[in-house]
Amino acid sequence: MGSTTSERVDPAVWDVARPQRPSRVVGVDMAGFRVPGPPVSDLLVVPHPAVMLILEFGASASTVKDGAGRRHRGSLVAGPGFGSGGGVRAWGEHVECVQVRLSPVVAGRVLGACPADLAGSLVSLDEVWGREASRIREQLGEIPSWEDRFAFTDALLARRLEARSPVDPAVAWAWNRIVVGRGLVRVDHLAAELGWSRKRLWSRFHSHIGIPPKSAAKLVRFDHAVHRLVAGEGAAQVAADGGYYDQSHLHRDVMAFTGTTPSTVLGEPFLTVDDRAWPTVGHPPMTEVPTALGSVADIDVGSRGR
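Conventions used here
- Residues numbered from 1 in each chain as written.
- Predicted model: local features only at pLDDT ≥ 70, side-chain atom pairs only at ≥ 80, totals over all residues.
- Heavy atoms only, no water.
- Helix = DSSP H or I, 4+ residues; strand = E, 2+ residues; numbered from the N terminus.
- Buried < 20%, exposed > 50% of the residue type's maximum accessible area, 1.4 Å probe, protein only.
- Contact = heavy atoms within 4.5 Å.
- Areas by Shrake-Rupley, 256 points an atom, 1.4 Å probe, with all protein chains shown as cover.
- 1 Å grid on protein atoms, 1.4 Å probe; cavity = no way out; pocket = protein on both sides within 12 Å on 5 of 7 lines; lining within 4 Å.
- Points joined across faces, edges and corners; volume = space filled by probe spheres on them.
- Phe/Tyr/Trp six-rings, centres within 6.5 Å; stacked < 30°, edge-to-face > 60°.
- Lys NZ or Arg CZ within 6 Å of the ring centre and 35° of its normal.
- Axes fitted to C-alpha atoms, helices over the stretch in contact; angles between N-to-C directions.
- Parallel < 35°, antiparallel > 145°, perpendicular 65-115°, else oblique.
- pLDDT = per-residue confidence, 0-100.
- Salt bridge = Lys/Arg side-chain N within 4 Å of Asp/Glu carboxyl O.
- Pairing = 2+ DSSP bridges.

Draft legend 1. Just the overall build of the chain, in detail. Of the regular secondary structure elements, the chain holds 13 helices and 10 strands. Counting only residues that meet the buried cut, the chain has 53% of its 306 residues in that class. The contacts in the chain between residues at least 6 apart in sequence include a share of 75% that link residues at least 24 apart. Accessible area for the chain stands at about 13500 Å²; split by element, carbon and sulfur atoms hold 50% of it.

Draft legend 2. Region of interest: the environment of Val230. One can find Val230 in helix 8 (residues 213-230). Between the C-alpha atom of Val230 and that of Gly267, which follows or precedes it by 37 residues, the distance is 7.7 Å. Other than its neighbours up to four places away in sequence, Val230 contacts Leu266, Leu271 and Thr272.

Draft legend 3. Up close: empty space enclosed by the protein. Counting across every chain of the model gives three cavities of 30 Å³ or more. Estimated volume of the second largest cavity: approximately 90 Å³. Looking at the second largest cavity, the residues that line it are Val45, Val46, Pro47, His48, Ala50, Met52, Ala78, Gly79, Phe82, Arg101 and Phe270.

Draft legend 4. Summary view of the packing of aromatic side chains. Using the criterion set out here, one finds four aromatic pairs in the structure. For the pair Phe57 and Trp146, a centre-to-centre distance of 5.8 Å together with 70° between the ring planes defines the contact as edge-to-face. Highlighted residues: Phe57 in the loop between strand 4 (51-56) and strand 5 (63-65) and Trp146 in helix 4 (residues 146-162), separated in sequence by 89 residues. Measuring from centroid to centroid gives 5.9 Å for Trp146 and Phe150, while their planes differ by 25°, and the two rings are stacked. Placement of the pair is Trp146 and Phe150 together in helix 4, with a separation of four residues, close to one helical turn. By way of ring pairs, the aromatic residues Phe57, Trp146 and Phe150 are connected into one cluster. In this arrangement the basic side chain of Arg149 is found over the ring face of Trp146, its NZ or CZ atom lying 4.7 Å from the centre. When the ring centre of Tyr244 is taken as origin, the NZ or CZ atom of Arg221, which lies over that ring, is 4.2 Å away.

Draft legend 5. Region of interest: the packing of helix 1 (residues 104-111) against helix 4. Relative orientation of the contacting elements helix 1 and helix 4 amounts to 85°, with a least axis distance of 7 Å. Taken together, the axes of helix 1 and helix 4 lie roughly perpendicular to each other. Each of Val106, Arg109, Val110 and Leu111 in helix 1 lies in contact with helix 4, whose residues at this interface are Leu157, Arg160, Leu161 and Glu162.

Draft legend 6. Spatial organisation of unusual backbone geometry. Despite not being glycine, Arg182 shows a phi value in the positive range, around 55°. Residue Arg182 is classed as partly exposed on the basis of its relative accessible area of 38%.

Draft legend 7. Local environment of the confidence of the model for the chain. In this model, the chain carries an average pLDDT of 84, and 85% of its residues clear a pLDDT of 70 or more. Ranking the helices and strands of the chain by mean pLDDT puts helix 5 (residues 169-180) first, with 96, and strand 3 (residues 40-44) last, with 74. The low-confidence segment residues 1-8, where pLDDT is below 50, has 30 contacts with residues more than four positions distant or belonging to other chains. Counted against residues more than four places away or in other chains, residues 281-306, with its pLDDT under 50, gives 56 contacts.

Draft legend 8. View of the pattern of salt bridges. Evaluated as defined, the whole model comprises 14 salt bridges. For Arg34, the salt bridge goes to Asp15, with nearest N and O atoms at 2.8 Å. Residue Arg34 is located in strand 2 (residues 28-34), and its partner Asp15 is located in strand 1 (residues 15-17); the two are separated by 19 residues in the primary sequence.

Draft legend 9. Geometry of the sheet that holds strand 10 (residues 122-124). With antiparallel pairing, six strands are arranged side by side in an open sheet as 1-2-9-4-7-10. Looking at which strands have only one partner, the edges of the open sheet turn out to be strand 1 and strand 10. The sheet shows a mean angle of 20° between the axes of neighbouring strands, direction not considered. In terms of strand pairing, strand 7 (residues 76-78) meets strand 10 through three bridges, oriented antiparallel.

Set out below in structure tokens:
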């Protein structure tokens, strides 16, 4: 969020706050944003392998235009990979918000919504939480410090998480394998290790996480690669390490996710502000898997859900 007109937004003008302590909910990361000066103009939203929850409470509200041209204002929820294909833009003035990145493994429990209904889409928080969304905006607006806002948000997320059953542990294990492997894990290998068919893995994973496992792997791989590029690493090395056939393959992947070239996307504030807002960039929030899933041999999934 940053500059005025058609000039590139300078991420240095963003006020960014980070919690002093990690969230009590594993798989949750938070940052606070404030735009004190001129309005944000034409900010490209870059896809990320997490569910994004935006809790606005400032004097004004930002506007997000999705790929279909629809405009959304206020507190929002974006599914994993939102912004894929490019064309998703945001702007606003005097915006203040707590932004939460939720691992897809915990997002369904926190939101009380089916992750598959959110995949790649953007909805108003009012549609998901009803009147509670307005109360949260009012309460955050009355809290004077960022640290207290983070504590309030963390308590809210923990309360909502505890009210619902956890995701299928085998699916959580598969998601974490994809994240740890930086998107380079083959889906058929995951299915084999679980003792599932590819079809069964696709169905379970999609219903719990919101996107198919192959799409999740591509998104995680892209996220890791694009943040390495932003950090100044060479495209050839990033492509080689990231499992791309060559630089052209990496170029096509960046174009497919963002609608723009690697050289253009590297200056986007949505990415360049990440070193301050999300210091663990390239490593999406993980979710602890129960001890019973410590090894594949311990997972009794062969008969589950048949």
